[in-house]
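Observations on the model geometry
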Amino acid sequence: MTTAEITSTLSSEALDQLRTWLVNSVSSALASNPVGEPHEEAARRYLEEALAYSKANLPADMKARLSEDIVNELLGYGPIQSLLDDPTITEIMINGADHVYIERNGELERTGVIFPDDEAVLRLIDRIILPLGRRIDADSPTVDARLTDGSRVNAVIRPVAIDGPSLTIRKFAREKLQVPDLIRFGSLTSNMAQFLEACVVAKLNIVISGGTGSGKTTLLNVLSEFIPANERIVTIEDAAELQLHQEHIVRLEAKPPDTEGKGAVPIRHLVRNALRMRPNRIIVGEVRGGEALDMLQAMNTGHDGSLTTLHANTPRDAISRLETLVLLAGFDIPLRIVREQIASAVDLIVQQSRLRDGSRKVTSITEVIGMEGEVVVLNEIFKFQETGVGDNSQVIGELMPTGLRPMFDSRLKAAGFKLKPEIYGAELYQHPNPKRRRR
């Protein structure tokens, strides 16, 4: 079929054939493109030439959409490029070729984006993971990766994805959020921010706990801003996504096994290796396995100021989760010893939550005091108190101190932070002395 025959009709089949012909033509031209001309400019020039040669009689709006789709296909991420470029979208979920969803303002909605077939979704997955040295196939049907902007990617294919390939992209804001942004969003208060700054500078060991999509990594990025510039930081992640702005940083990323199942470098190995790198701070993006034991040992052996995240719904759940992860290290350690390790290593648990209305807040800041019998004792310093539901099911509540001063307050003072009693809510819990009755 000639190009003229393909374009003599605007049927879906003819447009698909025209699209394929244009993609192949521009790809061939780009392969022989002389060095010097910007890649995108060359792609658009070759595309205009191919369209003119095809003599396709398309309406202007259809031609513009087709041209943009082809440029995205060749240089970007195909049908979802416009979703990636939209700053209001925080997550993209592809459930097969014709079910693409997004998250916007905490709400899920289905888009009109459609891939030609499952093979097109697979090609997109390969385009993302191959430059990173990752692989996905029937023997290894899941993969974690990242885009060049740091957005987190997870892909699952057959045989474990029964209905076709699935791709989830959690986008990061182009402008990194800072403490004033979180205060403006209502994620925390200025008093909580002052307290957390003091804790980071004073080198307390902090665990950020929260559910999936609650904003743990975002909060970890924000807290890392408080680390003094003269300290050496080693970050360890499964897929690198932290965006620290300090100068003295060593970034380590886990490596999956090769096609023969060899050469893997897990998080646990990197945590142990980091101890030999003279770090002032060790930041583990997320503990999810036996590396929790190595992390606790690092915290207990002079590497104060460590930060990490884990999946848990409350500070108490975070303690239980840590216990489970330590036991996954494969050592037969009595549970009491594990709890003593946790109580000795962890100073603070910051609970990040995603509420019913989609908002994200620091709902608890809790001190780990120590052991009492067989139980790890916790002391809540700040909490979110829900008071009702407003318009559009918005959760109404208040972030407030509990009136309790942490046991480690002396460490904050030693670091130069003399926090006023009001930060801990002293004025909220003071009771005026009753007046004496006159006789």
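Structural data are supplied above this passage.
Structural notes, computed from the coordinates. (Residues numbered from 1 in each chain as written. Predicted model: local features only at pLDDT ≥ 70, side-chain atom pairs only at ≥ 80, totals over all residues. Heavy atoms only, no water.)

Attention now moves to the overall build of the chain. Summing up its helical and strand segments, the chain has 15 helices and 15 strands in all. Every one of the 439 residues in the chain was classed for burial, and the buried ones make up 47%. Once local pairs closer than 6 in sequence are excluded, the contacts in the chain between residues at least 24 apart make up 54%. Looking at the chain as shown, the accessible area adds up to about 22,800 Å², and 50% of this sits on carbon and sulfur atoms. (Helix = DSSP H or I, 4+ residues; strand = E, 2+ residues; numbered from the N terminus. Buried < 20%, exposed > 50% of the residue type's maximum accessible area, 1.4 Å probe, protein only. Contact = heavy atoms within 4.5 Å. Areas by Shrake-Rupley, 256 points an atom, 1.4 Å probe, with all protein chains shown as cover.)

Turning next to the layout of surface pockets. Estimated volume of the second largest pocket: approximately 890 Å³. Around the second largest pocket, the lining is made up of 28 residues, and of these Asp-16, Arg-19, Asp-69, Ile-114 and Pro-116 lie nearest the centre. Mapped onto the lining of the second largest pocket, the elements with two or more residues apiece are helix H2 (12–31), helix H4 (60–75) and helix H6 (118–129). Residues belonging to the lining of the second largest pocket are distributed by class as follows: 12 nonpolar, seven polar and nine charged. (1 Å grid on protein atoms, 1.4 Å probe; cavity = no way out; pocket = protein on both sides within 12 Å on 5 of 7 lines; lining within 4 Å. Points joined across faces, edges and corners; volume = space filled by probe spheres on them. Nonpolar A, V, L, I, M, F, W, Y, C, P; charged D, E, K, R; others polar.)

Any two side chains of opposite charge can pair, given that their charged atoms come close. With the rule as written, the count across this model stands at 26 salt bridges. The residue Glu-103 makes a salt bridge to Arg-360 at a minimum N-O spacing of 3.5 Å. One end of the pair, Glu-103, is in strand S2 (residues 100–104); the other, Arg-360, is in strand S13 (residues 360–372), with 257 residues separating them in the sequence. Look at Glu-103 and you get buried, because its relative accessible area is 2%. Overall, the relative accessible area of 27% leaves Arg-360 in the partly exposed class. The network of salt bridges with shared partners includes Asp-86, Arg-104 and Glu-109. (Salt bridge = Lys/Arg side-chain N within 4 Å of Asp/Glu carboxyl O.)

What follows deals with the packing of aromatic side chains. Scanning the model with the defined rule gives four aromatic pairs in all. Summarising the aromatic geometry, the rings of Phe-195 and Phe-382 are spaced 5.5 Å apart at their centres and angled 55° between planes, so their arrangement reads as tilted. One end of the pair, Phe-195, is in helix H8 (residues 190–201); the other, Phe-382, is in strand S14 (residues 375–389), with 187 residues separating them in the sequence. One exposure class covers both Phe-195 and Phe-382, and it is buried. Here the aromatic cluster, defined as three or more aromatic residues joined through ring pairs, consists of Phe-195, Phe-382, Phe-408 and Tyr-424. Over the face of the ring belonging to Tyr-46 we find Arg-45, whose NZ or CZ atom lies 4.5 Å from the ring centre. (Phe/Tyr/Trp six-rings, centres within 6.5 Å; stacked < 30°, edge-to-face > 60°. Lys NZ or Arg CZ within 6 Å of the ring centre and 35° of its normal.)

Taken together, the nine strands give an open sheet; going across it, the order is S9-S8-S10-S11-S7-S12-S13-S14-S15, and neighbouring strands pair in mixed fashion. If you trace the sheet from one side to the other, it starts and ends with strand S9 (249–253) and strand S15 (395–401), each paired once. If you compare each strand with its neighbour and ignore which way they point, the axes differ by 25° on average. Here five bridges tie strand S7 (residues 206–210) to strand S11 (residues 307–311), and the two strands are oriented parallel to one another. Looking across to S11, one finds that Ile-206 is bridged to Leu-307. Strands in contact with helix H12 (residues 315–327) are S7, S11, strand S12 (348–354), S13 and S14; relative to S14, the strand with the most contacts, it is inclined by about 140°. Across the sheet, helix H13 (residues 335–345) touches S13 and S14, and the angle it forms with S13 is around 120°. (Pairing = 2+ DSSP bridges. Axes fitted to C-alpha atoms, helices over the stretch in contact; angles between N-to-C directions.)

Moving on, we come to the sheet that holds strand S5 (residues 152–156). The strand order across the open sheet built from six strands is S3-S2-S1-S6-S5-S4, with neighbouring strands paired in antiparallel fashion. The open sheet has two free edges, formed respectively by strand S3 (107–110) and strand S4 (142–146), since each of these has just one partner strand. Averaged over all pairs of adjacent strands, the angle between strand axes in this sheet comes to 15°, irrespective of strand direction. As defined by bridge partners, S4 adjoins S5 across five bridges and the pair is classed as antiparallel. By the bridge assignment for S5, Arg-146 is matched with Arg-152.

Residues that lie three or four places apart on an α-helix share one face, since the helix turns once every 3.6 residues. By the criterion of burial, helix H11 (residues 291–299) is predominantly enclosed, with eight of the nine residues buried. Looking only at H11, the buried set comprises Glu-291, Ala-292, Leu-293, Asp-294, Met-295, Leu-296, Ala-298 and Met-299. The secondary structure elements touched by the buried residues of H11 are helix H10 (267–274), strand S10 (281–284), S11, H12 and H13.

The packing of two helices is summarised by the inter-axis angle and the distance between the axes. Viewed as axis vectors pointing N to C, H11 and H12 meet at an angle of 110°, and their least axial separation amounts to 6 Å. In this view, H11 runs roughly perpendicular relative to H12, as classed from their interaxial angle. Residue-level inspection shows Ala-292, Leu-293 and Leu-296 of H11 in contact with H12, the latter providing Leu-322, Leu-325 and Val-326. Split by residue class, the contact of H11 with H12 holds six nonpolar, no polar and no charged. (Parallel < 35°, antiparallel > 145°, perpendicular 65-115°, else oblique.)

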